[in-house]
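In case you want the letters, here they are:
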Amino acid sequence: MDGQSRLGLVWGLVVAVVTLAGIVVPYGVLSGSGVALAVPLFWTGFGLVVIALIAVAVARWRG
Amino acid sequence: MLSPALVWAAIGAFLLLGLVLVWRAARASRGTAADYYLAGSGLGGLVSGLSYAATTYSAFMLVVLTGLTWQGGIGALGFELVYFAGLSLLVVFGPRFWLAGRRWGFISPAEMIGARYGSRAVGAAMAAVSLVFLIPYCTTQMAGIGLLLSGATGGGISLAAAVATGAALALIWTLFAGLRSVAWTDAGQAVVMMASGLLAVVLVVAALGGPGAMVAALGEGDALWLDVPGPGLWSLGTFLALSVPWFFFAITNPQVSQRLFMLRDLTAMRRMILWVLGFGFVFTLIAVIWGFAARLLAPDLAVPGEATPALLASGVLPAWVAVPLILGILSAAVSTLDSIALTVGSMVARDLLPAGMRDAAQILWGRVVVTLVIAFAAIFALRQAAIVEQLAALSAAGLAVTMPPVVGAFFWRRGTAAGALACLLGGAALALFLVIGRGVSVFDPVLAFSVIGASVALFAGVSLLTRPRAAALDFAGELRADLDAHRVW
């Protein structure tokens, strides 16, 4: 496996972990925590992280 | 209540502006099937991005998602954002679809999958599955238009008149110039959706005393709505039942995956994706905040789908804000509806009817199918408007059966035509059996996990028991050099 493929695999793993965190953290950690707005703020941050991950990946494309 | 005359006047102005775009698009048309269905594969990033966004973000957002927020709280945001995370699939599959389309001249995603496995029957099966599961989604758009216009005007605009209006707009946007007019009107409609949504949300939050006061009010009376599982709707099972199939939306829904064929180059695709991300994130927040506002201002509704019409009719927003928002939601519905109808039309013309038809015949058949799909959706919406949420979500679970053959097309050379056929037909049959035969709800994770699990198992199992056809294309091998040249993973 060359360096580019490895980089792609790492990116894919990060996306998978982030997506999983988008479910596990609100339901497993934040649910019923009593911290005001914990879940809305987490999911808003989650959306921003997703944007950043995708933007980084497409920025390397050559037209 | 909003005056029906005012709403009709706004729709009339909207129609006139749209007609100008359609006329210009028709003048640019070249009369070929590739031009009618893909706008000659020459679209840039901005128009493609707005068109993709308007197609993806439908009336579901400001009617159903808003209702789900009103009913169950913040889980609606998480559900929509897990779908949003699924846009990451475009990083992997977007360039592959585009390169395959360029090399072999594919017009529909089903055509591409059929060619990959060397079987026209696979393409036909994928087209048929798309047809079966996209019609409920079209119906949802129609039902959304009906609920919205009749609800906001207190019945001053009847359900039938509202649905007929949506059908007429979708037909006009589609029939004359195909994807070029659809993409241009989509782009204009996306601007209307975003501008009207932002304006409405800012004003409704201000009417509630500002963001701090709104959050405080929710915290006092509806604190559960800011947590999961919330007041009951968003159990983990329901969340997974809805989120998992929607995660694959970008590659399983042909009305959006077909848009990957219409781009000029990869620079345009990059811009398209960035536009979709920005639009999607903001529009999702708009829909959820709108739902929370409805929770505070209209807490006693009979059904969640009435949240938006009730808020519009409540008088909280002045007519000069409410009417543009109605146009925004109408835009969201029509832009999704016409895109689906055109994609289904292209799949019938390219994948279900005999191969080798002249371009003029393919366009004619596409137009006939577009008309039939829109008419069918309108009739079905008038009969079944009460099951909006169920119908919307069923399409995602049903179309998830196309995921294994699409993934396998690019990443698994051992995938065979028999495996793809077993997956598509077996998975679709199981989805229909569970919902229609056994009454399993789309909110039950059994549906999504059974359908996806069975589809993957059938694709992998039958593929391993059979051999790839001689006519099958090797996407992984043939596209590798181009992918490397474009620095695509």
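Residues numbered from 1 in each chain as written. Chains lettered and ligands numbered in written order. Predicted model: local features only at pLDDT ≥ 70, side-chain atom pairs only at ≥ 80, totals over all residues.

A. Structural view of the overall build of chain B. Helix and strand counts for chain B stand at 24 helices and zero strands. Relative to its length of 489 residues, chain B is compact, with a C-alpha radius of gyration of 22 Å against a globular reference of 23 Å. With respect to the principal axes defined by its C-alpha atoms, chain B has extents near 65 × 50 × 45 Å. Considering chain B as a whole, with its 489 residues, one finds that 63% of them fall into the buried category. (Helix = DSSP H or I, 4+ residues; strand = E, 2+ residues; numbered from the N terminus. Rg over C-alpha atoms; globule rule 2.2 N^0.38 Å. Buried ≥ 20, exposed ≤ 12 C-beta atoms within 10 Å, placed from the backbone.)

B. The arrangement of the overall build of chain A in detail. Helices and strands together make up the secondary structure of chain A, namely two helices and zero strands. Relative to a compact globule of 63 residues, whose C-alpha radius of gyration would be 11 Å, chain A shows 15 Å and is clearly more extended. If one aligns the C-alpha atoms of chain A with their principal axes, the spans along those axes are about 45 × 25 × 10 Å. A buried classification covers 24% of the 63 residues belonging to chain A.

C. Highlighting the nonpolar core. Residues and elements named next belong to chain B. One finds I326, I329, A341 and A400 to be the most contacted residues of the largest nonpolar core, which totals 206 residues. Broken down by element, this core gets its largest block of residues, 20 residues, from helix α15 (residues 266-297). The residues touching A341, leaving out its near neighbours within four places in the chain, are C138, A170, T174, V370, V373 and I374. (Core = buried A, V, L, I, M, F, W, Y, C linked by C-beta atoms within 7 Å. Contact = placed C-beta atoms within 7 Å.)

D. Expanded view of the environment of B:L90. All names here are of chain B. Among the secondary structure elements, L90 is positioned in helix α6 (residues 89-104). Classification of L90 by C-beta neighbours within 10 Å gives buried; the count is 25. Taking the C-alpha atoms as reference points, L90 and R30, separated by 60 residues in sequence, lie 29 Å from one another. Ignoring anything within four residues of it in the chain, the contact list for L90 reads A250 and I273.

E. Summary view of the confidence of the model for chain B. Summing up the model confidence of chain B, the mean pLDDT is 92 and the portion of residues at 70 or higher is 98%. Interface confidence for the predicted complex, given as ipTM, is 0.96, next to a pTM of 0.94. (pLDDT = per-residue confidence, 0-100.)

F. Here's a closer look at the interface of chain A and chain B. Contacts between chain A and chain B engage 29 residues on the former and 29 residues on the latter. Looking at the side of chain A that touches chain B, the elements with two or more residues in it are α1 (3-30) and α2 (38-59) of chain A. Considering only residue class, the side of chain A that touches chain B consists of 19 nonpolar, eight polar and two charged. (Nonpolar A, V, L, I, M, F, W, Y, C, P; charged D, E, K, R; others polar.)

G. Molecular detail of helix α7 (residues 109-116) of chain B. Residues and elements named next belong to chain B. With eight of its eight residues buried, α7 lies for the most part within the structure. Residues of α7 that are buried: P109, A110, E111, M112, I113, G114, A115 and R116. Looking at the residues trailing α7, positive phi occurs at G118, about 65°.

H. Local environment of α1(A). Residue and element names in this part refer to chain A. Here α1 spans 37 Å end to end across 28 residues, near enough to the 40 Å set by a 1.5 Å rise per residue. Along α1, the sharpest kink reaches roughly 40°, centred on V24 and followed within four residues by the proline P26. Downstream of α1 by one or two residues, G32 has phi in the positive range, about 70°. (Expected span 1.5 Å × (residues − 1). Bend = angle between axes of the 7 residues up to and from the residue.)

I. Looking closely at the packing of α7(B) against helix α8 (residues 120-152) of chain B. Residues and elements named next belong to chain B. Running from N to C, α7 and α8 cross one another at 150°; their axes reach a closest spacing of 7 Å. Classed by the angle they form, the pair α7 and α8 counts as roughly antiparallel. In this structure, α7 meets α8 at a crossing whose hand is right-handed. Packed against α7, whose contacting residues are A110, E111, I113 and G114, the element α8 presents R120, V122, G123, M126, A127 and S130 at the interface. Taken together, the residues of the contact of α7 with α8 break down into five nonpolar, three polar and two charged. (Axes fitted to C-alpha atoms, helices over the stretch in contact; angles between N-to-C directions. Parallel < 35°, antiparallel > 145°, perpendicular 65-115°, else oblique. Left-handed = near helix turned anticlockwise from the far one by under 90°.)

J. Representation of unusual backbone geometry within the structure. All names here are of chain B. In this structure, the amide linkage connecting V228 to the following residue, P229, adopts the cis form with an omega of 5°. By the secondary structure assignment, P229 is in the loop between α11 (211-221) and α12 (236-247). One non-glycine residue, S41, adopts positive backbone phi at about 50°. Overall, the presence of 19 C-beta atoms within 10 Å leaves S41 in the partly exposed class.

K. Highlighting the environment of B:A115. Note that B:A115 resides in helix α7. In the structure, B:A115 is positioned 88 residues away from B:L203 in sequence and 52 Å away in space, judged by C-alpha atoms.

L. Examining the environment of A:R62 more closely. With respect to the helices and strands, the residue A:R62 is situated in the segment after α2. Between the alpha carbons of A:R62 and A:W43 there is a distance of 32 Å; along the sequence they are 19 residues apart. Look past the residues within four positions of A:R62 in its chain and what remains in contact with it is B:H486 and B:R487.

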